[in-house]
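Given next are the chains, with one letter for each unit.
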There are 2 protein chains.
Amino acid sequence: MPPRSDSDLAFASIEQVAALIRRRKVSPVELAKLMLGRVERLNPRLNAFITVTAETALAQAAKAEAELFRSRGRKGRRDRGPLHGIPVSLKDNIHTKDIRTTAGSRILADFVPGQDASVAAKLKNAGAVLLGKTNMHEFAYGVTSNNPHYGAVRNPWDLARISGGSSGGSAAAVAAGLCYASVGTDTGGSIRIPAALCGVAGLKPAWGRVSCEGIIPLSVSLDCAGPLARSARDAALVFAAILPGGPAALDFPRVTNGAARKRRFRLGLPQEFFFDVLTEEVRELFEAALRDLRKLGAETKGISIPLLRDTEDAGNQIAWAEAAHYHQKAGFFPARAAEYSDDVRSRLEKGRKVPAVAYLEALSMRRRFIEELRARMREAEVDALVVPATSIPAPLIGEESVKIGAQDFPARALLLRLNRPANLAGVPAISIPCGFTRSGLPVGLQLIGRDRAEETVLQIAQSYQRATDWHLRRPPL
Amino acid sequence: MPPRSDSDLAFASIEQVAALIRRRKVSPVELAKLMLGRVERLNPRLNAFITVTAETALAQAAKAEAELFRSRGRKGRRDRGPLHGIPVSLKDNIHTKDIRTTAGSRILADFVPGQDASVAAKLKNAGAVLLGKTNMHEFAYGVTSNNPHYGAVRNPWDLARISGGSSGGSAAAVAAGLCYASVGTDTGGSIRIPAALCGVAGLKPAWGRVSCEGIIPLSVSLDCAGPLARSARDAALVFAAILPGGPAALDFPRVTNGAARKRRFRLGLPQEFFFDVLTEEVRELFEAALRDLRKLGAETKGISIPLLRDTEDAGNQIAWAEAAHYHQKAGFFPARAAEYSDDVRSRLEKGRKVPAVAYLEALSMRRRFIEELRARMREAEVDALVVPATSIPAPLIGEESVKIGAQDFPARALLLRLNRPANLAGVPAISIPCGFTRSGLPVGLQLIGRDRAEETVLQIAQSYQRATDWHLRRPPL
């Protein structure tokens, strides 16, 4: 079904667009112009981009067009695969050669890297067209993307609400049809939280799977780079492109085509932690998603992972200490403390006070948790854990605490809570939309995989998305 | 040349003894009895052993004898290699099944492990006969082996002096001919320092090369287990036996027979740090050793490694923090602070105060140092660095500071100083005797190898020992 309007084209899947390009129904330059037009029109409301790279985008699109549209057999013709000519964005903590990279900070407001980060170079090599650098939480150290220097990123589903963070601009841009995909980073949920709050797919790969070279770090032993896209299938295409080794390093047909290997998935439902604190709506939508998964043939079973309860503190200690160390080493903090927002500054101050013994104890807890999670998932023979992505839908911008039942909780903690376990364990996890609240806010379903099995979570997510259409809804912009 | 007396036998090389056993000139049981007799006679003066395992030794010797002396072709005959029937000792922080393992502490005074440490099991499997567990610095956290709970280990060359530490009992027992070899541990010099002060060979393997499983840790990212023996050749035999994979994991002929591959060694003389603070006698003996090495065909060249100056603080930060973490996790400190000696307690208190950012900065300095050392040694094409093992010979027991020129230095710092670089870099290093002071105290020559090249330092040390006889001298006991 060919897109019937510019908006349809903007919201088409990467594969649909790639096919249209190859049938010359749309040219990469037209496509770049269409998306740049949308950015120009909608970004003032969303504030998803810090830097729009229109010239770069048009030059890259022209190059893609020349490579793809040259007659067959002619010298210089080249098809770089599914991302060739596809407009994308990058979170602004990812080094881009000759394009400023602020990390959402004032300190790096004028920083222009001399080299592309590994993921940026890989997307360039895949022929993707860079529309710009997306807004984010300052130095990726927070989950609201309420940025004091570049303004808050607004949620496409309700402009009064946060996009989540720290990759909030990436999620908002993808959700609003301003680009087909983005690459973000996830240290404690920074890909999955905004994906959930903006109703897109966000994959945090296993730790170490995608190179973080050239990415401004938050917490080096937790940081992961990964894709945000409108569907799990689109995310899989981007993941394959940024993986060292490329698609060849993956069971690629399985990743991009769940149908190729139909089988009953076994999903673990953790008996601890994940379901303790949820809004009623999140709980209901999660349960509906579970019913849909079972209809698709998935088997669900309870699984006990007692150490889950300790992941929150361990994740905090590690991130606090490693972030404070990076900012000290870079000469940013405490040297330039006044240039930070209060929230990031207070966390860095906390980080400087973490004793090494507490940090080492957190690392040791992490090892125990990794062993326990691995053992329990293996014993239970589950392919993935299925849980909500966040305890709450998007809070209002500036809303610091959220009521669940009669109790007030800090919004930050509620957003992080269900995401940290996968970071601590270093395992892959994806968030995909699984419904909307009565007020129209998306809610995310999280699949947490084993070891390095991105293929499996992508495959399960695609099965779910073939049977549901939450990911096809468009925000009311 | 067969040993002419019991004393000659006690000081013979492992290969000589192994040959005598195989020619039935001496039986493993006789040998065990001879050595147990020496322990009984000399240990009251040396205090090298915390626990003597006479019964175990005699049973193991009887087993070795049965295996080795059974007629050829008879069932049960078995030759386990060069350590079969050879009396050895183990530092008392190495778990030994059913034999108490105190780590030189009061806290573990009655601790009896249920399992052998990996190195203990490997020696057992090689047929070595365990005479006992050697005295050491409390919890391996110091360099004097002046143990408050089990008494000071005394230096066989001068009973008023320290043996060095933390593997002081191992070095003293080997030097005094109470066993043929021992296994110690080295976190900041704890094998090489007592080897140097007692005039024996001590090899610190590359980090991670020999398993530390079942060894009570000091600083997990620095701890290494390795052999102390009378010659580099004997040390090589023990090293091969305790290495995972055994002798097969090594270029074994090269390790045990330097002559097999004669070539000119290239030795680097660091231009920084190592020669800044030395007593005149240590300097003279080192220079004489250099002349001997050059006579043997070694080429020496200056090599600049500027980061050496920062190794001291980085090593301290890492060890302080990791030691404090282990003692906290084990429930020892601060819970049982009163049961520690003042010196170890003060270091653990220091460790609890190390901020995580300082620890992380030390790790980051370590990575830079590893890169610099590797690059400089590669560029200079040197096989090893050649330096002194310690700045001073053995101080008196209780002597806290030592004068060099007009200046007083803490004895602890002078003993550690030249040893930490190899720990921080994780590279192999050996100390072998290279002469005696006018008052008859041994001085150590240190060879620091590249990456995992234990073979090379062992080979150079053997070349040196074939041409010199410092390692053959016997202490005046």
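Here goes a summary of the coordinates provided. As the structure is a computational prediction, the values presented were derived from the model and not from experiment.

## Quick look at the overall build of chain A
Piece 1. Each helix and strand counted, chain A has 16 helices and 17 strands in total.
Piece 2. Taking 23 Å as the expected radius of gyration for a compact globule of 477 residues, we find that chain A reaches 21 Å, a close match to that expectation.
Piece 3. C-alpha atoms of chain A, sized along the principal axes, occupy 60 × 55 × 40 Å.
Piece 4. By residue count, 65% of the 477 residues in chain A fall in the buried class.
Piece 5. A sequence separation of at least 24 residues applies to 75% of the contacts in chain A between residues at least 6 apart.
Piece 6. Accessible surface, chain A: about 17,100 Å² in total, of which carbon and sulfur atoms supply 50%.

## Observations regarding the pattern of salt bridges
Residue and element names in this part refer to chain B.
Piece 1. Overall, the coordinates contain 48 salt bridges over all chains when judged by the stated rule.
Piece 2. Arginine 233 is the partner of glutamate 15 in a salt bridge, and the nearest nitrogen-oxygen pair spans 2.4 Å. In this pair, glutamate 15 is assigned in helix H2 (residues 14–22) and arginine 233 in helix H8 (residues 232–242), connecting sequence segments 218 residues apart.
Piece 3. For glutamate 15, a relative accessible area of 30% translates into the label partly exposed.

## Some remarks on the interface of chain B and chain A
Interface extent is often summarised as the accessible area lost during association of the parts.
Piece 1. Taken residue by residue, the interface counts 17 residues in chain B and 17 residues in chain A.
Piece 2. Summing the contributions of chain B and of chain A, the shared interface buries around 1,300 Å²; its carbon and sulfur component is 65%.
Piece 3. Interface area lost by chain B to chain A is led by His325, Val357 and Leu360 of chain B, which between them contribute 41%.
Piece 4. The tally of links from chain B across to chain A stands at zero salt bridges.
Piece 5. Joining chain B to chain A, the criterion identifies six residue pairs in polar contact (both at pLDDT 80 or more).
Piece 6. At the level of secondary structure, the elements contributing two or more residues to the side of chain B that touches chain A comprise helix H11 (311–329), helix H12 (342–353) and helix H13 (356–380) of chain B.

## A word on the sheet that holds strand S8 (residues 181–186) of chain B
Residue and element names in this part refer to chain B.
Piece 1. Reading across from one edge, S1-S3-S2-S8-S10-S9-S16-S17-S13-S11-S12 is the order of the 11 strands in this open sheet, with mixed pairing throughout. With partners counted over all chains shown, the strands left at the sheet margins are strand S1 (49–52) and strand S12 (299–303), one partner each. Strand-to-strand twist across the sheet, computed as the mean angle between neighbouring axes with direction ignored, equals 30 degrees.
Piece 2. Lying on the sheet, helix H3 (residues 28–46) is in contact with S1, strand S2 (87–91) and strand S3 (129–134); it crosses S3 at an angle near 20 degrees.
Piece 3. Helix-sheet contacts for H8 involve S8, strand S9 (201–204), strand S10 (224–229) and strand S16 (429–436), and the interaxial angle to S10 is about 140 degrees.

Cut-offs and rules
Residue indices follow the written sequence of each chain, beginning from 1 at its first position. The order in which chains are written sets their letters, starting at A; the order in which ligands are written sets their numbers, starting at 1. Two thresholds apply to this predicted model, a pLDDT of at least 70 for residue-level local features and 80 or more for giving and counting side-chain atom pairs, whereas whole-chain, interface and lining totals are computed over all residues. The side-chain values count all of the structure's non-hydrogen atoms but skip hydrogen atoms and water molecules. Working definition: helices are DSSP H or I runs of at least four residues, strands are E runs of at least two. Numbering for both runs from the N terminus. For this measure, only C-alpha atoms enter the radius of gyration; the expected value for a globule follows 2.2 Å times N^0.38, where N is the number of residues. Each residue is placed in one exposure class: buried if its accessible area under a 1.4 Å probe, protein chains only, is under 20% of its type's maximum, exposed if it is over 50%, and partly exposed if it falls in between. Any pair of residues with heavy atoms lying within 4.5 Å of one another is described as a contacting pair. Accessible areas in this description were obtained via Shrake-Rupley with a 1.4 Å probe; residue shielding takes into account the shown protein chains only. A side-chain nitrogen of Lys or Arg and a carboxyl oxygen of Asp or Glu constitute a salt bridge if their distance falls within 4 Å. By buried area we mean how much accessible surface two parts lose on assembly, using a 1.4 Å probe and totalling the loss over both. A 3.5 Å cut-off defines polar contacts: any pair of N or O atoms within that distance qualifies, except that in protein one atom must be a possible hydrogen donor and the other a possible acceptor, and neighbouring residues in sequence count only when both atoms are side-chain atoms. Here a strand pair is declared whenever DSSP counts at least two bridges between the two strands. Axes here mean lines fitted to C-alpha atoms, for a helix over just the part in contact, with angles spanning 0 to 180 degrees between N-to-C directions.

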